[in-house]
Amino acid sequence: MTVIRRTKFSDGYLLEKVKAIAESARDRADACRHALNLVHDAFPHYTWTGLYLKRPRSLYLAFHRGSDAIPPESSEPLEGLLGWAVRTRRPQILPDAGGDRYERIEIPIKSEIILPVFLQGRVIAVLDICSKETKGFDRLDLDLLEAVCKALAPLVGALEQPTGQETADRLEHRGYG
């Protein structure tokens, strides 16, 4: 059974809202968080949405929405599904997620979509969204979320290389989530 797209907004409207947030951002971190919250809230079957910033040897969870079962200071090695998205530079849809990867997480995860975020040809982050429904993602979701990643890439890229008062240490300890 494929999930019927139940969203509060049309895809076009949602993408335009994300673009407007990105283009008018004064605080890059707040804008990223606001845009990801908007995407998460638009789809009732999303149980968890997270953005991992790419570091030299790991992925750092910079923002998340959903369960606090994954602490905001989490770091993932560049392996597993998230690392696969970085290495292959390709998104992945898991229509029937489960198994060992999810046993430590106390949120209902039945399917997952993972997308690399690109800036100037480099993978700078990974967007990870989980659903409480099996087959919770399809090609329409992939197309929309790729466009969202593209719209947010300049903001995320600025977070990747902080300037001025926003040092990497300060960014990592903001505790957004």
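What comes next is a walk through the structure. The shown structure was predicted, so the numbers you read here are calculated from the model rather than taken from an experiment. (Residues numbered from 1 in each chain as written. Predicted model: local features only at pLDDT ≥ 70, side-chain atom pairs only at ≥ 80, totals over all residues. Heavy atoms only, no water.)

## Some thoughts on the pairing of strand S2 (residues 58-66)
Among the 9 residues that make up S2, 7 are buried, leaving the element largely enclosed by the rest of the structure. In this sheet, S2 lies alongside strand S1 (residues 46-54) in antiparallel orientation, the contact comprising 7 bridges. The residue of S2 that forms the bridge with Trp48 is Gly66. Connecting S1 to the antiparallel partner S2 that follows it, the hairpin turn spans 3 residues. (Buried < 20%, exposed > 50% of the residue type's maximum accessible area, 1.4 Å probe, protein only. Helix = DSSP H or I, 4+ residues; strand = E, 2+ residues; numbered from the N terminus. Pairing = 2+ DSSP bridges.)

## Some remarks on unusual backbone geometry
One non-glycine residue with positive phi stands out, namely Gln120, at about 50°. You can see Gln120 is positioned in the loop between strand S5 (111-119) and strand S6 (122-131). Even without a glycine there, the phi angle at Lys135 is positive, about 55°. Relative to the helices and strands, Lys135 is located in the loop between S6 and helix H5 (139-160). We classify Lys135 as partly exposed; its relative accessible area is 38%.

## Remarks on empty space enclosed by the protein
Under the counting rule described, the total for this entry stands at 4 cavities of 30 Å³ or more. Considering only enclosed or pocket space, the second largest cavity measures out at about 40 Å³ in volume. Contributing to the lining of the second largest cavity are Leu36, Asn37, Thr49, Gly50, Phe63, His64 and Arg65. When contributions to the lining of the second largest cavity are tallied by element, the ones reaching two or more residues are helix H2 (28-42), S1 and S2. Per element, the largest residue contribution to the lining of the second largest cavity is 3 residues, and it comes from S2. (1 Å grid on protein atoms, 1.4 Å probe; cavity = no way out; pocket = protein on both sides within 12 Å on 5 of 7 lines; lining within 4 Å. Points joined across faces, edges and corners; volume = space filled by probe spheres on them.)

## Observations regarding the environment of Gln120
Look at Gln120 and you get exposed, because its relative accessible area is 74%. Taking the C-alpha atoms as reference points, Gln120 and Ala153, separated by 33 residues in sequence, lie 9.3 Å from one another.

## Re the pattern of salt bridges
Within this structure, the stated rule accounts for 4 salt bridges. Across the pair Asp30 and Arg33 runs a salt bridge, and its minimum N-O distance is 2.9 Å. Taken as a pair, Asp30 and Arg33 lie in helix H2 at a separation of 3 residues, close to a single helical turn. Given a relative accessible area of 30%, Asp30 falls into the partly exposed group. Note on Arg33: relative accessible area 26%, which makes it partly exposed. Close ionic contact of Asp143 with Arg139 constitutes a salt bridge, the shortest N to O distance being 3.0 Å. Residue Asp143 and its partner Arg139 are located together in helix H5, separated by 4 residues, close to a single helical turn. (Salt bridge = Lys/Arg side-chain N within 4 Å of Asp/Glu carboxyl O.)

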